[in-house]
Amino acid sequence: MISDNRFKIGIVFALAFLTGLNFVMFPALSPVLMSPTYFGLKASAFGFLFAPQVIFIALGCLFAPFLANKFGAKLMLICGLILMLLVTFVLGFLGFRDSVFQNYPKDSLYKILLCLVALMGFGFGTSVTILNPLAASFFQNNKASAILMLQFLVGLGTSVAPF
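Residues numbered from 1 in each chain as written. Predicted model: local features only at pLDDT ≥ 70, side-chain atom pairs only at ≥ 80, totals over all residues. Heavy atoms only, no water.

Visitor: Mind showing me how you'd approach a nonpolar patch on the surface here?
Guide: A cluster of nonpolar side chains, M149, F152, L156 and V160, forms an exposed patch at the surface whose accessible area comes to about 330 Å². Following the sequence through the fold, M149 ends up in helix α8 (residues 143-160). Using a relative accessible area of 40% as the deciding quantity, one classes M149 as partly exposed. (Patch = residues over 30% accessible without salt bridge, like charges linked within 9 Å, V, L, I, M, F, W, Y side chains within 5 Å. Areas by Shrake-Rupley, 256 points an atom, 1.4 Å probe, with all protein chains shown as cover. Salt bridge = Lys/Arg side-chain N within 4 Å of Asp/Glu carboxyl O. Helix = DSSP H or I, 4+ residues; strand = E, 2+ residues; numbered from the N terminus. Buried < 20%, exposed > 50% of the residue type's maximum accessible area, 1.4 Å probe, protein only.)

Visitor: Can you walk me through α8 in this structure?
Guide: An α-helical turn contains 3.6 residues, so a residue and the one three or four places further along point in the same direction. In this model α8 runs 26 Å from its N-terminal to its C-terminal C-alpha over 18 residues, within 8% of the 26 Å that 1.5 Å per residue would give. Considered for burial, the residues of α8 that qualify are A146, L150, L153, V154 and G157. Within α8, the buried residues cover an arc of 100° as seen down the axis, which keeps them to one side. Of the exposed residues in α8, the ones pointing more than 90 degrees away from its buried face are A144 and L148. (Expected span 1.5 Å × (residues − 1). Arc of directions from axis to C-beta.)

Visitor: Mind showing me how you'd approach the packing of helix α1 (residues 4-23) against α8 here?
Guide: Between two packed helices, the angle of one axis relative to the other and the distance separating the axes together describe the packing. It is the contact of α1 with α8, at a shortest axis distance of 6 Å, that shows an interaxial angle of 35°. Where α1 crosses over α8, the handedness of that crossing is right-handed. Along its contact with α1, which presents V12, F13, A16, F17, G20, L21 and F23, the element α8 presents A146, M149, L150, L153, V154, L156, G157, T158 and V160. In terms of residue class, the contact of α1 with α8 is built from 13 nonpolar, three polar and no charged. (Axes fitted to C-alpha atoms, helices over the stretch in contact; angles between N-to-C directions. Left-handed = near helix turned anticlockwise from the far one by under 90°. Contact = heavy atoms within 4.5 Å. Nonpolar A, V, L, I, M, F, W, Y, C, P; charged D, E, K, R; others polar.)

Visitor: Sorry, what's going on with the pattern of salt bridges here?
Guide: Two side chains bearing opposite charge may form a pair once their charged atoms approach each other closely. Under the criterion given, the structure shown has one salt bridge. For D4, the salt bridge identified is with K8, shortest N-O distance 3.5 Å. In this pair, D4 and K8 both sit in helix α1, four residues apart, roughly one turn of the helix. A relative accessible area of 41% means that K8 is categorised as partly exposed.

Visitor: Explain the nonpolar core here, please?
Guide: Side chains of a nonpolar character, in soluble globular proteins, are inclined to be buried together. Within the largest apolar cluster, 38 residues are counted, with the highest numbers of intra-cluster contacts made by F26, L33, L41, L49, L113 and L150. Looking at this core, the elements with two or more residues in it are α1, α2 (25-28), α5 (50-71), α6 (73-94), α7 (106-138) and α8. Take this core: its biggest share by element is 13 residues, from α7. With residues up to four places along the chain from it excluded, the contact list for L49 reads L33, L41, Y110, L113, L114 and V117. (Core = buried A, V, L, I, M, F, W, Y, C linked by side-chain atoms within 4.5 Å.)

Visitor: Could you clarify how one ought to interpret the environment of K143 in this entry?
Guide: With respect to the helices, strands and loops of the structure, K143 is situated in helix α8. A sequence separation of 11 residues divides K143 from N132, and the C-alpha atoms of the two residues are 9.4 Å apart.

Visitor: Looking at this structure, I do not really get the environment of A144. What am I missing?
Guide: Locating A144 in the fold gives a position in helix α8. In this structure, the C-alpha to C-alpha distance between A144 and P133, residues 11 residues apart in sequence, is 9.9 Å.

Visitor: Hey, could you run me through the environment of L131 in this one?
Guide: On the secondary structure map, L131 appears in helix α7. For L131, a relative accessible area of 0% translates into the label buried. A C-alpha to C-alpha distance of 8.7 Å links L131 and I147, two positions 16 residues apart in sequence. L131 has contacts with V12, L15, A16, T19, L77 and L150, leaving out every residue within four places of it along the chain.

Visitor: Even after reading the chapter, I still don't get α5, so can you show me in this structure?
Guide: Along its length, α5 shows its largest kink, about 40°, at A64, and proline P65 lies within four residues downstream of that point. Trailing α5 by a residue or two, G72 shows a phi angle of about 105°, which is positive. (Bend = angle between axes of the 7 residues up to and from the residue.)

Structure (structure tokens):
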């Protein structure tokens, strides 16, 4: 039988991998976002989508420790993950522009995309910031190795997502 601690370690490292997968969703969707059939973004508008993502990743990383101290690390991790999943869900609906959002002009959809990218960034920044010390807490004698493994799994998730 798997010990409770091993299960928790597996969950933390799996979440790191899945967080990496989710992080590169918007770049991986560039064909859809730039297609005239769907969103029709020009290269400059598509590139600008990542400005709010970077800003809100930094804000998520900055505020995560304070929020974790106030509300608890587990709750903040769950909130960050739910935020990323919610954005994924909403983005899926935006893909059905022909049926759900057919009356929205493309510039309104672009503003929605900017908000989604910002929320995704905040969820990512919060989640990764909480996952780092959580991984380290499982390996008291090898904290640096635990954090490096976690970051490797986030990176692996970002690498395999486009495939």
